[in-house]
Amino acid sequence: HPLDFSGVWRFRELLPFAPDDAIVTIGEGQTLCQRADSVAAYAGLNPGRLFLQYEGMNPSGSFKDNGMSAAFTHARMTGANRAACASTGNTSASLAVYCAATQLMRGVIFIGSGKISYGKLSQALEHGALTVQIHGDFDDALRRVQEVSRQLGIYLVNSVNPFRLEGQKTIMYRVLEARGWEVPDWVVVPGGNLGNVSAFAKAFHELRALNLIPRLPRLAVINAAGADTFYQLHEKHGLRWAGGRFDRSEIDGYYAALDASGRKPDTLASAIEINRPVNLPKALRALECCDGVVRAVPDAEILDAKAKIGAGGLGCEPASAASVAGLRALVRENVISPTDSVVCVLTGHVLKDPDETVAYHSADRATFDAKLGARGVKSVAFPNR
Ligand code: F0G
(Lines give C-alpha, C1' and ligand atoms only; values in the text may rest on other atoms or scores of the structure.)
Protein backbone atom coordinates (compact mmCIF):
# COMPACT_ATOMS: atom_id res chain seq x y z
CA HIS A 1 0.00 0.00 0.00
CA PRO A 2 1.40 3.48 -0.83
CA LEU A 3 0.92 4.60 2.78
CA ASP A 4 3.28 1.85 3.91
CA PHE A 5 6.19 3.97 2.62
CA SER A 6 5.55 6.28 5.57
CA GLY A 7 7.08 5.15 8.85
CA VAL A 8 4.10 6.80 10.53
CA TRP A 9 1.16 5.66 8.43
CA ARG A 10 2.11 2.04 8.03
CA PHE A 11 0.88 1.92 11.63
CA ARG A 12 -2.35 3.74 10.73
CA GLU A 13 -4.55 1.17 12.47
CA LEU A 14 -3.08 2.49 15.72
CA LEU A 15 -3.81 6.15 14.97
CA PRO A 16 -7.23 5.74 13.44
CA PHE A 17 -8.53 9.29 13.19
CA ALA A 18 -8.25 9.78 9.45
CA PRO A 19 -9.54 7.98 6.35
CA ASP A 20 -6.73 6.82 4.06
CA ASP A 21 -7.49 9.42 1.39
CA ALA A 22 -7.09 12.31 3.89
CA ILE A 23 -3.61 11.28 5.00
CA VAL A 24 -0.75 13.72 4.37
CA THR A 25 2.67 12.12 4.06
CA ILE A 26 6.02 13.15 2.66
CA GLY A 27 7.77 9.93 3.64
CA GLU A 28 8.38 10.69 7.33
CA GLY A 29 9.32 8.04 9.88
CA GLN A 30 12.55 6.89 8.16
CA THR A 31 14.55 6.06 11.26
CA LEU A 32 16.91 3.48 12.60
CA CYS A 33 17.42 1.86 15.95
CA GLN A 34 21.10 1.08 16.25
CA ARG A 35 23.02 -0.94 18.81
CA ALA A 36 25.65 1.36 20.35
CA ASP A 37 28.27 -0.43 22.42
CA SER A 38 30.78 2.40 22.68
CA VAL A 39 28.08 4.77 23.93
CA ALA A 40 26.86 2.04 26.30
CA ALA A 41 30.36 1.79 27.76
CA TYR A 42 30.45 5.56 28.21
CA ALA A 43 27.10 5.51 30.03
CA GLY A 44 28.03 2.48 32.15
CA LEU A 45 25.84 -0.14 30.47
CA ASN A 46 26.98 -3.61 29.48
CA PRO A 47 27.61 -4.34 25.78
CA GLY A 48 24.44 -4.93 23.78
CA ARG A 49 22.21 -3.16 26.30
CA LEU A 50 21.95 0.25 24.61
CA PHE A 51 20.12 1.08 21.40
CA LEU A 52 19.92 4.56 19.93
CA GLN A 53 16.68 5.46 18.16
CA TYR A 54 17.86 7.94 15.54
CA GLU A 55 15.30 10.44 14.24
CA GLY A 56 17.71 12.51 12.14
CA MET A 57 16.72 10.79 8.88
CA ASN A 58 13.29 12.41 8.73
CA PRO A 59 12.56 14.85 5.87
CA SER A 60 13.28 17.91 8.03
CA GLY A 61 15.96 16.17 10.10
CA SER A 62 14.14 15.72 13.40
CA PHE A 63 11.43 13.61 15.06
CA LYS A 64 8.93 16.44 14.57
CA ASP A 65 7.93 15.12 11.14
CA ASN A 66 6.25 12.12 12.77
CA GLY A 67 3.83 14.49 14.44
CA MET A 68 3.63 17.03 11.64
CA SER A 69 2.27 14.50 9.16
CA ALA A 70 -0.51 13.69 11.61
CA ALA A 71 -1.24 17.36 12.37
CA PHE A 72 -1.33 18.20 8.64
CA THR A 73 -3.68 15.30 8.07
CA HIS A 74 -6.05 16.62 10.71
CA ALA A 75 -5.64 20.21 9.50
CA ARG A 76 -6.62 19.15 6.01
CA MET A 77 -9.68 17.34 7.42
CA THR A 78 -10.77 20.62 9.07
CA GLY A 79 -10.30 22.56 5.84
CA ALA A 80 -7.50 24.73 7.23
CA ASN A 81 -5.24 26.57 4.80
CA ARG A 82 -2.88 28.20 7.31
CA ALA A 83 -0.87 26.57 10.06
CA ALA A 84 1.22 28.18 12.79
CA CYS A 85 3.64 27.27 15.54
CA ALA A 86 6.02 28.72 18.07
CA SER A 87 9.31 26.93 18.02
CA THR A 88 12.84 26.55 19.29
CA GLY A 89 13.58 25.59 15.68
CA ASN A 90 12.65 22.03 14.83
CA THR A 91 8.87 22.31 14.86
CA SER A 92 9.17 25.36 12.62
CA ALA A 93 11.54 23.58 10.25
CA SER A 94 9.11 20.68 10.04
CA LEU A 95 6.12 22.96 9.49
CA ALA A 96 7.97 24.82 6.74
CA VAL A 97 8.95 21.61 4.96
CA TYR A 98 5.40 20.22 5.10
CA CYS A 99 3.97 23.49 3.78
CA ALA A 100 6.41 23.59 0.90
CA ALA A 101 6.22 19.92 0.01
CA THR A 102 2.43 19.63 0.13
CA GLN A 103 1.35 23.17 -0.84
CA LEU A 104 -1.68 22.56 1.40
CA MET A 105 -1.01 25.26 3.97
CA ARG A 106 0.70 28.62 4.41
CA GLY A 107 3.06 28.39 7.38
CA VAL A 108 3.44 31.04 10.09
CA ILE A 109 6.27 30.67 12.56
CA PHE A 110 6.94 32.50 15.84
CA ILE A 111 10.42 32.31 17.26
CA GLY A 112 11.77 33.92 20.41
CA SER A 113 14.68 36.29 20.59
CA GLY A 114 16.84 33.77 22.46
CA LYS A 115 18.88 31.01 20.90
CA ILE A 116 17.83 29.42 17.65
CA SER A 117 20.31 27.45 15.63
CA TYR A 118 21.04 28.70 12.14
CA GLY A 119 20.51 25.25 10.69
CA LYS A 120 16.89 25.30 11.83
CA LEU A 121 16.23 28.94 11.03
CA SER A 122 17.61 28.44 7.54
CA GLN A 123 15.09 25.63 6.97
CA ALA A 124 12.16 27.89 7.87
CA LEU A 125 13.43 30.60 5.54
CA GLU A 126 14.46 28.32 2.69
CA HIS A 127 11.08 26.59 2.59
CA GLY A 128 9.27 29.90 2.58
CA ALA A 129 7.36 30.02 5.87
CA LEU A 130 6.43 33.44 7.21
CA THR A 131 8.88 33.79 10.10
CA VAL A 132 8.18 36.24 12.92
CA GLN A 133 10.67 36.89 15.68
CA ILE A 134 9.17 38.21 18.90
CA HIS A 135 10.71 39.82 21.95
CA GLY A 136 10.86 37.16 24.64
CA ASP A 137 11.68 33.49 24.96
CA PHE A 138 10.01 30.37 23.59
CA ASP A 139 7.38 30.39 26.32
CA ASP A 140 6.36 33.94 25.33
CA ALA A 141 6.32 32.95 21.65
CA LEU A 142 4.03 30.00 22.39
CA ARG A 143 1.63 32.19 24.35
CA ARG A 144 1.52 34.70 21.50
CA VAL A 145 0.99 32.14 18.76
CA GLN A 146 -1.83 30.52 20.74
CA GLU A 147 -3.57 33.92 20.99
CA VAL A 148 -3.00 34.80 17.37
CA SER A 149 -4.12 31.47 15.97
CA ARG A 150 -7.25 31.52 18.12
CA GLN A 151 -8.10 35.05 16.96
CA LEU A 152 -7.39 34.45 13.29
CA GLY A 153 -8.54 30.85 13.03
CA ILE A 154 -5.09 29.52 12.11
CA TYR A 155 -4.43 25.82 12.70
CA LEU A 156 -1.90 25.37 15.54
CA VAL A 157 0.69 22.60 15.15
CA ASN A 158 2.54 22.86 18.47
CA SER A 159 2.41 19.73 20.57
CA VAL A 160 -0.62 21.03 22.50
CA ASN A 161 -2.26 19.64 19.37
CA PRO A 162 -3.17 16.05 20.29
CA PHE A 163 -2.89 14.84 16.70
CA ARG A 164 0.83 15.68 16.73
CA LEU A 165 1.24 13.22 19.56
CA GLU A 166 -0.65 10.51 17.69
CA GLY A 167 2.02 10.66 15.00
CA GLN A 168 4.84 10.64 17.54
CA LYS A 169 3.54 7.39 19.05
CA THR A 170 4.96 5.64 16.00
CA ILE A 171 8.54 6.35 17.12
CA MET A 172 7.98 3.71 19.78
CA TYR A 173 6.30 1.31 17.35
CA ARG A 174 9.45 1.43 15.23
CA VAL A 175 11.64 0.90 18.29
CA LEU A 176 9.66 -2.21 19.17
CA GLU A 177 9.68 -3.39 15.57
CA ALA A 178 13.47 -3.06 15.39
CA ARG A 179 13.80 -5.08 18.60
CA GLY A 180 11.51 -7.91 17.47
CA TRP A 181 8.73 -6.49 19.68
CA GLU A 182 10.82 -7.03 22.78
CA VAL A 183 10.01 -4.27 25.29
CA PRO A 184 13.13 -2.51 26.62
CA ASP A 185 13.51 -1.95 30.36
CA TRP A 186 13.91 1.79 29.83
CA VAL A 187 13.21 4.45 27.22
CA VAL A 188 15.16 7.67 27.80
CA VAL A 189 14.06 10.87 26.08
CA PRO A 190 14.99 14.55 26.27
CA GLY A 191 12.21 16.72 27.71
CA GLY A 192 11.31 20.15 26.34
CA ASN A 193 7.60 20.74 25.86
CA LEU A 194 7.06 17.12 26.96
CA GLY A 195 5.18 16.03 23.88
CA ASN A 196 7.34 13.02 23.15
CA VAL A 197 7.15 11.50 26.62
CA SER A 198 3.37 11.94 26.56
CA ALA A 199 3.13 10.31 23.14
CA PHE A 200 5.43 7.43 24.10
CA ALA A 201 3.48 6.53 27.24
CA LYS A 202 0.24 6.63 25.25
CA ALA A 203 1.76 4.33 22.65
CA PHE A 204 2.83 1.78 25.25
CA HIS A 205 -0.38 2.07 27.26
CA GLU A 206 -2.48 1.37 24.16
CA LEU A 207 -0.28 -1.53 23.01
CA ARG A 208 -0.58 -3.08 26.45
CA ALA A 209 -4.37 -2.61 26.47
CA LEU A 210 -4.49 -4.38 23.09
CA ASN A 211 -2.35 -7.16 24.56
CA LEU A 212 0.32 -6.59 21.90
CA ILE A 213 3.08 -6.20 24.51
CA PRO A 214 3.46 -8.07 27.79
CA ARG A 215 4.62 -5.14 29.93
CA LEU A 216 5.44 -1.44 29.89
CA PRO A 217 8.98 -0.04 29.80
CA ARG A 218 10.01 2.60 32.34
CA LEU A 219 10.44 6.13 31.03
CA ALA A 220 13.19 8.61 31.90
CA VAL A 221 12.80 12.25 30.86
CA ILE A 222 15.94 14.36 30.76
CA ASN A 223 15.85 18.13 31.15
CA ALA A 224 18.78 20.45 30.63
CA ALA A 225 19.80 21.83 34.01
CA GLY A 226 19.15 25.36 32.73
CA ALA A 227 15.53 24.55 31.84
CA ASP A 228 14.47 22.04 34.46
CA THR A 229 10.86 22.79 35.41
CA PHE A 230 9.70 19.20 35.01
CA TYR A 231 12.62 17.90 37.06
CA GLN A 232 11.96 20.42 39.82
CA LEU A 233 8.24 19.74 40.01
CA HIS A 234 8.38 15.95 39.75
CA GLU A 235 11.53 15.14 41.68
CA LYS A 236 11.92 18.06 44.11
CA HIS A 237 8.30 19.05 44.75
CA GLY A 238 6.98 15.49 44.47
CA LEU A 239 4.23 16.51 42.05
CA ARG A 240 2.29 13.48 40.78
CA TRP A 241 -0.59 12.91 38.39
CA ALA A 242 -2.56 11.15 41.14
CA GLY A 243 -5.33 9.98 38.85
CA GLY A 244 -5.81 13.52 37.53
CA ARG A 245 -6.21 14.99 41.03
CA PHE A 246 -2.77 16.61 40.95
CA ASP A 247 -2.30 20.01 42.51
CA ARG A 248 -2.36 22.64 39.75
CA SER A 249 -1.60 25.36 42.27
CA GLU A 250 1.80 23.71 42.72
CA ILE A 251 2.54 24.40 39.03
CA ASP A 252 1.15 27.94 39.13
CA GLY A 253 3.12 28.67 42.29
CA TYR A 254 6.30 27.37 40.68
CA TYR A 255 5.78 29.60 37.62
CA ALA A 256 5.02 32.61 39.82
CA ALA A 257 8.28 32.01 41.70
CA LEU A 258 10.14 31.65 38.39
CA ASP A 259 8.72 34.96 37.19
CA ALA A 260 9.55 36.65 40.47
CA SER A 261 13.14 35.41 40.32
CA GLY A 262 13.49 36.66 36.74
CA ARG A 263 15.25 33.38 35.89
CA LYS A 264 15.05 32.68 32.16
CA PRO A 265 15.69 29.25 30.68
CA ASP A 266 19.33 28.96 29.66
CA THR A 267 20.99 26.00 27.98
CA LEU A 268 23.16 25.31 24.95
CA ALA A 269 20.63 22.61 24.12
CA SER A 270 18.48 25.36 22.60
CA ALA A 271 15.80 22.94 21.38
CA ILE A 272 14.77 22.25 24.98
CA GLU A 273 15.32 25.74 26.38
CA ILE A 274 11.77 25.84 27.76
CA ASN A 275 10.57 26.82 31.24
CA ARG A 276 6.84 26.23 30.84
CA PRO A 277 6.28 22.89 29.12
CA VAL A 278 2.74 22.89 27.73
CA ASN A 279 2.31 19.14 28.07
CA LEU A 280 3.29 19.02 31.73
CA PRO A 281 -0.01 17.50 32.97
CA LYS A 282 0.06 14.85 30.24
CA ALA A 283 3.68 14.12 31.05
CA LEU A 284 2.83 13.59 34.73
CA ARG A 285 0.31 11.04 33.60
CA ALA A 286 2.90 9.46 31.31
CA LEU A 287 5.30 9.02 34.22
CA GLU A 288 2.60 7.50 36.39
CA CYS A 289 1.70 5.09 33.61
CA CYS A 290 5.29 4.01 32.93
CA ASP A 291 6.84 4.39 36.39
CA GLY A 292 8.96 7.25 35.12
CA VAL A 293 11.69 9.46 36.50
CA VAL A 294 13.06 12.89 35.55
CA ARG A 295 16.64 14.09 35.71
CA ALA A 296 18.40 17.33 34.78
CA VAL A 297 21.89 17.35 33.28
CA PRO A 298 24.34 20.26 32.89
CA ASP A 299 25.36 21.48 29.43
CA ALA A 300 28.93 20.20 29.78
CA GLU A 301 27.65 16.63 30.23
CA ILE A 302 25.26 17.02 27.31
CA LEU A 303 28.10 18.11 25.00
CA ASP A 304 30.40 15.33 26.17
CA ALA A 305 27.66 12.79 25.56
CA LYS A 306 27.02 14.27 22.12
CA ALA A 307 30.66 13.83 21.14
CA LYS A 308 30.61 10.20 22.35
CA ILE A 309 27.50 9.54 20.30
CA GLY A 310 29.19 11.14 17.31
CA ALA A 311 32.32 9.08 17.82
CA GLY A 312 30.07 6.00 17.79
CA GLY A 313 28.74 6.93 14.35
CA LEU A 314 25.46 8.81 14.87
CA GLY A 315 25.41 12.59 14.63
CA CYS A 316 22.84 14.35 16.79
CA GLU A 317 22.13 17.81 18.09
CA PRO A 318 22.75 18.87 21.72
CA ALA A 319 19.16 18.41 22.98
CA SER A 320 19.16 14.85 21.67
CA ALA A 321 22.32 13.99 23.58
CA ALA A 322 20.63 14.94 26.84
CA SER A 323 19.14 11.44 26.71
CA VAL A 324 22.55 9.76 26.88
CA ALA A 325 23.86 12.23 29.48
CA GLY A 326 20.77 11.47 31.56
CA LEU A 327 21.23 7.73 31.13
CA ARG A 328 24.79 8.06 32.40
CA ALA A 329 23.55 9.95 35.47
CA LEU A 330 20.90 7.32 36.16
CA VAL A 331 23.41 4.48 35.91
CA ARG A 332 25.72 6.36 38.28
CA GLU A 333 22.79 6.63 40.72
CA ASN A 334 22.00 2.91 40.38
CA VAL A 335 18.50 3.73 39.17
CA ILE A 336 19.35 2.04 35.87
CA SER A 337 21.42 -1.12 36.17
CA PRO A 338 24.26 -2.01 33.75
CA THR A 339 22.28 -5.07 32.67
CA ASP A 340 19.06 -3.18 31.86
CA SER A 341 18.10 -2.83 28.22
CA VAL A 342 17.80 0.83 27.28
CA VAL A 343 16.70 2.85 24.26
CA CYS A 344 17.79 6.50 24.08
CA VAL A 345 15.96 8.64 21.56
CA LEU A 346 18.16 10.90 19.42
CA THR A 347 15.66 13.51 18.38
CA GLY A 348 17.52 15.60 15.78
CA HIS A 349 20.37 15.58 13.24
CA VAL A 350 23.89 16.84 13.99
CA LEU A 351 23.65 19.38 11.13
CA LYS A 352 20.83 21.17 12.93
CA ASP A 353 23.27 22.96 15.20
CA PRO A 354 26.81 22.87 13.77
CA ASP A 355 28.04 25.88 15.77
CA GLU A 356 27.94 24.01 19.07
CA THR A 357 29.75 21.08 17.54
CA VAL A 358 32.56 23.13 16.03
CA ALA A 359 32.99 25.13 19.25
CA TYR A 360 33.22 21.91 21.27
CA HIS A 361 35.88 20.41 19.03
CA SER A 362 37.93 23.58 18.69
CA ALA A 363 40.36 22.19 21.24
CA ASP A 364 41.03 19.33 18.84
CA ARG A 365 41.57 21.78 16.01
CA ALA A 366 44.13 23.77 17.98
CA THR A 367 46.12 20.62 18.56
CA PHE A 368 45.87 19.80 14.87
CA ASP A 369 47.19 23.21 13.85
CA ALA A 370 50.03 23.15 16.36
CA LYS A 371 51.18 19.69 15.31
CA LEU A 372 50.87 20.59 11.67
CA GLY A 373 53.16 23.56 12.21
CA ALA A 374 55.74 21.66 14.15
CA ARG A 375 55.95 18.31 12.43
CA GLY A 376 53.95 18.30 9.21
CA VAL A 377 50.84 16.53 8.04
CA LYS A 378 51.97 12.96 8.62
CA SER A 379 52.04 13.34 12.38
CA VAL A 380 48.58 14.80 12.87
CA ALA A 381 46.75 13.10 15.70
CA PHE A 382 43.51 14.02 17.33
CA PRO A 383 43.44 13.69 21.08
CA ASN A 384 41.13 11.02 22.35
CA ARG A 385 38.64 12.78 24.58
N1 F0G B 1 14.80 17.28 20.99
C2 F0G B 1 14.73 18.16 19.97
C3 F0G B 1 15.77 18.09 18.92
C4 F0G B 1 13.67 19.09 19.93
O5 F0G B 1 13.60 19.95 18.91
C6 F0G B 1 12.71 19.11 20.96
C7 F0G B 1 11.63 20.07 20.97
C8 F0G B 1 12.85 18.17 21.99
C9 F0G B 1 13.90 17.28 21.97
C10 F0G B 1 11.89 18.11 23.10
O11 F0G B 1 10.74 17.39 22.75
O12 F0G B 1 8.99 19.03 23.32
O13 F0G B 1 8.45 16.65 22.92
O14 F0G B 1 9.68 17.32 24.97
N15 F0G B 1 11.57 21.06 20.18
C16 F0G B 1 10.40 21.97 20.08
C17 F0G B 1 10.54 22.86 18.88
C18 F0G B 1 10.04 22.65 21.33
O19 F0G B 1 9.97 23.96 18.87
O20 F0G B 1 11.15 22.47 17.90
P21 F0G B 1 9.38 17.60 23.54
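Keep in mind the model is a prediction, meaning the values are calculated, not measured. Along each chain, residue indices are assigned from 1 in the same order as the chain's sequence is written. Only residues with pLDDT of 70 or above have their local features reported here, since the model is predicted, and side-chain atom pairs are shown and tallied only from 80 upward, although totals for entire chains, interfaces and linings are computed over all residues.

Draft legend 1. Examining the packing of helix 3 (residues 90-102) against helix 4 (residues 118-126) more closely. Between N-to-C directions, angles cover 0 to 180 degrees, with each direction set by a line fitted to C-alpha atoms, over the stretch in contact for helices. Helix and strand labels come from DSSP, where a helix needs a run of H or I of at least four residues and a strand needs a run of E of at least two; each type is numbered from the N terminus. For the pair helix 3 and helix 4, the least separation of the axes is 8 Å and the interaxial angle reads 25°. One element, helix 3, and the other, helix 4, form an angle in the roughly parallel class. For helix 3 against helix 4, the interelement crossing comes out left-handed. Judged by residue contacts, Asn 90, Ser 92, Ala 93, Ala 96 and Val 97 of helix 3 engage Lys 120, Gln 123 and Ala 124 from helix 4. Residue type decides the class: Asp, Glu, Lys and Arg count as charged, Ala, Val, Leu, Ile, Met, Phe, Trp, Tyr, Cys and Pro as nonpolar, and the leftover types, Gly among them, as polar. Across the contact of helix 3 with helix 4, the residue classes break down as four nonpolar, three polar and one charged. Relative orientations are named as follows: roughly parallel for angles under 35 degrees, roughly antiparallel for angles over 145 degrees, roughly perpendicular for angles from 65 to 115 degrees, and oblique for any other angle. By definition, any crossing whose near helix is turned counterclockwise from its far helix by less than a right angle is left-handed, and any crossing with a clockwise turn is right-handed. In this description, a residue-residue contact is defined by the distance between C-beta atoms placed from the backbone, which must lie within 7 Å.

Draft legend 2. Just the sheet that holds strand 4 (residues 106-111), in detail. If DSSP finds at least two bridges between two strands, the strands pair. Taking strand neighbours across the sheet as the criterion, the four strands line up as 5-4-3-6 in an open arrangement whose pairing is parallel. At either end of the open sheet lies a strand with only one pairing partner, and these are strand 5 (130-133) and strand 6 (155-156). The pairing of strand 4 with strand 5 spans four bridges and is classified as parallel. Each bridged residue has a counterpart across the sheet, and for Ile 109 the counterpart in strand 5 is Thr 131.

Draft legend 3. Focus on the UniProt feature "domain: Tryptophan synthase beta chain-like PALP" (unreviewed entry) in the chain. UniProt positions are given in the numbering used here, feature names are shortened, and annotations may be inferred rather than shown by experiment. Following the UniProt record, one finds the feature "domain: Tryptophan synthase beta chain-like PALP" (unreviewed entry) at residues 25-348. Secondary structure content for residues 25-348 is 47% helix and 15% strand, while the C-alpha to C-alpha distance between its ends is 19 Å.

Draft legend 4. Up close: the site of the ligand. Close to the ligand lie 21 residues; Asn 90, Gly 192, Asn 193, Gly 195 and Thr 347 are nearest. Across the shell around the ligand, the residue classes tally to five nonpolar, 15 polar and one charged. Using a C-beta atom placed from the backbone for every residue, we mark a residue as near a molecule or strand if that atom lies within 6 Å of it.

Draft legend 5. Structural context of unusual backbone geometry. One non-glycine residue with positive phi stands out, namely Leu 194, at about 70°. The topology assignment puts Leu 194 in the loop between strand 7 (186-190) and helix 7 (195-209). One non-glycine residue with positive phi stands out, namely Asn 211, at about 65°. Within the fold, Asn 211 resides in the loop between helix 7 and strand 8 (218-224).

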